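Examination of the molecular architecture
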Amino acid sequence: MKALAVFVNLVDSINEYVGRGVAWMTLLMVLITFAVVILRYVYAVGWVWLQESYVWLHGMVFMFGAGYTLLHNGHVRVDIFYRPNDTRYKAWVDLVGSLLLIMPLIVIVFLVSFDYVAASWMRLEESREAGGLPGLFLLKSVILAFCVLTGLQGLSLAGRSILVLAGHPEFKPDDQETEPI
């Protein structure tokens, strides 16, 4: 159980760190969007690479932030069945959900996208737009990073649930109300 606890804490800290970094990308995305609007409508100037940059940032924020969102229970769930129940029930739901829903989805996305990303790397793919950003292959690689970060967080959620079910209430997610196990 100690190894499982170390794994859970390690994965949680990785996604916490990545999620906090992604928050700064969000600020950058807003600033770039503001600049594009001002340049276009005030000065009648537009650069494709600048417009693409905030779209790329949006994709990266979403993909890199998915593990962080899962860590902080920000994903979609039917709370009318989940919220009113006790900690053990929630741990079972989280365990089954992570193993039967999250992990298969992540594996499928990884397997389907691997060749897609590899082909982009082989061509060193760039934007199809004239004046667009080079390095589209790097953006496509974010799909695999999404799979790794979210998959690890799904395993961490399963591990956390196992620890709670084994009688380690200190691994109960912070945002859940204190209840007897």
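Figured I'd write up the structure that's included with this text. Quick caveat, the model's predicted, so the values are computed rather than measured.

What counts and how
Residues numbered from 1 in each chain as written. Predicted model: local features only at pLDDT ≥ 70, side-chain atom pairs only at ≥ 80, totals over all residues. Heavy atoms only, no water. Helix = DSSP H or I, 4+ residues; strand = E, 2+ residues; numbered from the N terminus. Rg over C-alpha atoms; globule rule 2.2 N^0.38 Å. Buried < 20%, exposed > 50% of the residue type's maximum accessible area, 1.4 Å probe, protein only. Contact = heavy atoms within 4.5 Å. Areas by Shrake-Rupley, 256 points an atom, 1.4 Å probe, with all protein chains shown as cover. Lys, Arg positive; Asp, Glu negative; His and termini not counted. Charge placed at Lys NZ, Arg CZ, Asp CG, Glu CD. Core = buried A, V, L, I, M, F, W, Y, C linked by side-chain atoms within 4.5 Å. Expected span 1.5 Å × (residues − 1).

**A look at the overall build of the protein chain**
Across its full length, the protein chain holds five helices and zero strands. The C-alpha atoms of the protein chain give a radius of gyration of 20 Å, which is well past the 16 Å a tight globule of 181 residues would have. Along the first, second and third principal axes, the C-alpha set of the protein chain runs to 65 × 40 × 30 Å. Split into buried and exposed, the 181 residues of the protein chain put 40% on the buried side. Partitioning the contacts of the protein chain with sequence separation of at least 6, the portion at a separation of at least 24 is 76%. Of the roughly 11100 Å² that the protein chain leaves accessible, carbon and sulfur atoms contribute 72%. Taking the average location of the 12 positive side-chain charges in the protein chain and that of its 15 negative ones, the two points are 1 Å from each other.

**Concerning the environment of L133**
Inspection of the secondary structure assignment puts L133 in the loop between α4 (87-123) and α5 (136-165). Among the residues examined, L133 registers a relative accessible area of 17% and is labelled buried. In this structure, the C-alpha to C-alpha distance between L133 and E52, residues 81 residues apart in sequence, is 6.9 Å. L133 has contacts with W49, E52, S53, W56, E126 and S127, leaving out every residue within four places of it along the chain.

**Quick look at the nonpolar core**
Counting residues in each nonpolar core, the largest one holds 23 residues, and the members touching the most others are M25, L57, M60, I102 and F146. Of all the secondary-structure elements, those providing two or more residues to this core are α1 (2-43), α2 (48-71), α4 and α5. Element by element, the count of residues in this core is highest for α2, at eight residues. Beyond its immediate sequence surroundings of up to four residues, L57 is in contact with M25, L28, M29 and I32. Of all hydrophobic cores here, the second largest spans nine residues; its members include A5, V8, L95 and A158.

**A closer look at the environment of Q51**
Relative to the helices and strands, Q51 is located in helix α2. The class of Q51 is partly exposed, set by a relative accessible area of 23%. Measuring from C-alpha to C-alpha, the distance between Q51 and T87 comes to 46 Å, with 36 residues separating the pair along the chain. Ignoring anything within four residues of it in the chain, the contact list for Q51 reads V36, R40 and G46.

**Thoughts on α1**
Each α-helix turn comprises 3.6 residues. Residues three or four places apart therefore point the same way. The end-to-end C-alpha distance of α1, which contains 42 residues, comes to 61 Å, matching closely the 62 Å that a straight helix rising 1.5 Å per residue would cover. Buried within α1 we find A5, V8, V11, D12, N15, E16, G19, V22, M25, M29, I32 and V36. Just beyond α1, the residue with positive phi is A44, at close to 55°.

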